[in-house]
Structure formats: C-alpha cells, structure tokens
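A structural walkthrough
If you want the building blocks of each chain, they are given just below.
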Amino acid sequence: MNMSQTEPTILGLTAAQFTSLAKRAVTEAVQSDVRAGIAVTGFVDGEVQTLEPSDLRLSKFLQDEQRLIRYP
C-alpha cells in the first residue's frame, strides 16, 4: 500500500509557518506593551520574570522593528 505523506498542518499552515506566525505575534505584543509602559511577564534566563518597560533586556524589541520574524 503506497500512501503519499503530506506535511501536517495547523489551521492550514505548516508547523514552520505556524511557529513563525506565533513568534511574530509575541514580538508585536511585547513591543506594544513596552511602548505603552506596561510591564511584561515571560520566561527569561530560565525563570518566569516580570520586566518593567525600562529594563534593558526589552530594548531589543524596540530598537529595530525590522527584525520581526517574517511570515513565509
């Protein structure tokens, strides 16, 4: 029996496309919150931390918006 294999999809997207879309959404959400002066909570340096908008570790999200992951 010869069954052709197809790549699994999530909402019609390949796993790589879905991952890229999720990364972009998270990046844009962090940018938006930091610009609005809202602290963000996430997994940082191996632990869950809340970072204030002034935290230098968040500056990379605002310095170069061109680095957003591109949706394929």
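Right, let's walk through the structure included here. This is a predicted model, so every value here is computed, not measured. (Residues numbered from 1 in each chain as written. Predicted model: local features only at pLDDT ≥ 70, side-chain atom pairs only at ≥ 80, totals over all residues. Heavy atoms only, no water.)

Remarks on the overall build of the chain
Within the chain, the secondary structure is distributed over two helices and four strands. For the chain, the succession of helices and strands along the chain, N to C, is β-β-α-β-β-α. Taking all 72 residues of the chain together, the buried fraction comes to 18%. For the chain, contacts bridging at least 24 residues in sequence account for 46% of all contacts bridging at least 6. (Helix = DSSP H or I, 4+ residues; strand = E, 2+ residues; numbered from the N terminus. Buried < 20%, exposed > 50% of the residue type's maximum accessible area, 1.4 Å probe, protein only. Contact = heavy atoms within 4.5 Å.)

Observations regarding the pairing of strand E4 (residues 47-51)
As defined by bridge partners, strand E3 (residues 40-44) adjoins E4 across five bridges and the pair is classed as antiparallel. Opposite Phe-43, over in E4, you have Val-48 as the bridge partner. Connecting the antiparallel pair E3 and E4 is a turn made up of two residues, with Asp-45 showing a positive phi of about 50°. (Pairing = 2+ DSSP bridges.)

Considering the side chain of Thr-27
You can see Thr-27 is positioned in helix H1 (residues 15-35). A distance of 2.9 Å separates a polar atom in the side chain of Thr-27 from the backbone oxygen of Lys-23. (Polar contact = N/O pair within 3.5 Å; in protein donor to acceptor, adjacent residues only side chain to side chain.)

Digging into a nonpolar patch on the surface
Residues Ile-10, Leu-11 and Phe-18 make up a contiguous nonpolar surface patch of roughly 310 Å² in combined accessible area. Tracing the backbone through its elements, the reader meets Ile-10 in strand E1 (residues 9-10). The class for Ile-10 is partly exposed, based on a relative accessible area of 38%. (Patch = residues over 30% accessible without salt bridge, like charges linked within 9 Å, V, L, I, M, F, W, Y side chains within 5 Å. Areas by Shrake-Rupley, 256 points an atom, 1.4 Å probe, with all protein chains shown as cover. Salt bridge = Lys/Arg side-chain N within 4 Å of Asp/Glu carboxyl O.)

As for the environment of Thr-50
Turning to its location among the elements, Thr-50 is positioned in strand E4. Put simply, Thr-50 and Val-40 are ten residues apart on the chain and 5.5 Å apart in space, counted from C-alpha to C-alpha. Apart from residues no more than four positions distant in its own chain, Thr-50 is found in contact with Ala-39, Val-40 and Thr-41. One polar contact links Thr-50 to Thr-41, side chain to side chain, over a distance of 2.8 Å.

Observations concerning the pattern of salt bridges
The full count for this structure, using the stated rule, is three salt bridges. For Arg-57, the salt bridge goes to Asp-55, with nearest N and O atoms at 2.9 Å. We classify Arg-57 as partly exposed; its relative accessible area is 35%. One network of salt bridges, in which partners are shared, links Asp-45, Asp-55 and Arg-57.

As far as function goes, none of this settles anything; it's purely spatial.
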